[in-house]
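# Chains, contacts and geometry: an overview
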Amino acid sequence: MQDVLKVWVDHTRCVGNGFCVMTSEKVFVHNEDRQSEVIDPGADTPEKVLEAARNCPVSAIQVESAITGARLYP
Ligand code: SF4
């Protein structure tokens, strides 16, 4: 099934506090630099991904609709 969301992390912003990994460990993991990486944007519900994006203190998580390309966050 096609992913509903396109999700990526802006590494110029990410401070590696891990909030997103705690919110959805199926979607986000820490890389070797302790920054967040998206492993599978469809592995959790869109609501959970958007919750992780909203909880990021530096708005590093970028979310678009994979269907329409509309910006959903920030
Ligand atoms: S919540 Fe934001 S700053 Fe923290 S690890 Fe995730 S993307 Fe990086």
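Everything below is about the structure printed above this text.
Residues numbered from 1 in each chain as written. Predicted model: local features only at pLDDT ≥ 70, side-chain atom pairs only at ≥ 80, totals over all residues.

## Considering unusual backbone geometry
- For the bond from Tyr 73 to Pro 74, the omega torsion is -5 degrees, close enough to zero to count as cis.
- With respect to the helices and strands, Pro 74 occurs in the segment after strand 5 (71-73).
- The phi dihedral of Arg 34 is positive, around 65 degrees, even though this residue is not glycine.
- Locating Arg 34 in the fold gives a position in the loop between strand 2 (28-30) and strand 3 (36-38).
- Of note, Ser 59 is a non-glycine position whose phi angle comes to about 50 degrees, a positive value.
- Note on placement: Ser 59 falls in the loop between helix 2 (46-55) and strand 4 (61-65). (Helix = DSSP H or I, 4+ residues; strand = E, 2+ residues; numbered from the N terminus.)

## Considering helix 2
- Residues of helix 2 that are buried include every one of Val 49, Ala 52 and Ala 53, and no others. All buried residues of helix 2 project into a common sector of 100 degrees when viewed along the axis, lining one side. (Buried ≥ 20, exposed ≤ 12 C-beta atoms within 10 Å, placed from the backbone. Arc of directions from axis to C-beta.)

## Description of the site of the ligand
- Neighbouring residues of the ligand: 13 residues in total, closest Cys 14, Phe 19, Cys 20, Ser 36 and Cys 56.
- For the shell around the ligand, a count of residues per class yields 9 nonpolar, 4 polar and no charged. (Near = placed C-beta within 6 Å. Nonpolar A, V, L, I, M, F, W, Y, C, P; charged D, E, K, R; others polar.)

## Thoughts on the nonpolar core
- Residues Val 7, Val 49, Ala 52, Ala 53, Cys 56, Ile 61 and Val 63 are the most contacted members of the largest nonpolar core, which totals 14 residues.
- Among the elements of the structure, strand 1 (5-9), helix 2 and strand 4 are those that each provide at least two residues to this core.
- Counting residues per element, this core draws most heavily on helix 2, at 3 residues.
- Once residues within four sequence positions are removed from consideration, Ala 52 is found in contact with Cys 20, Thr 23, Ser 24, Phe 28 and Ile 61. (Core = buried A, V, L, I, M, F, W, Y, C linked by C-beta atoms within 7 Å. Contact = placed C-beta atoms within 7 Å.)

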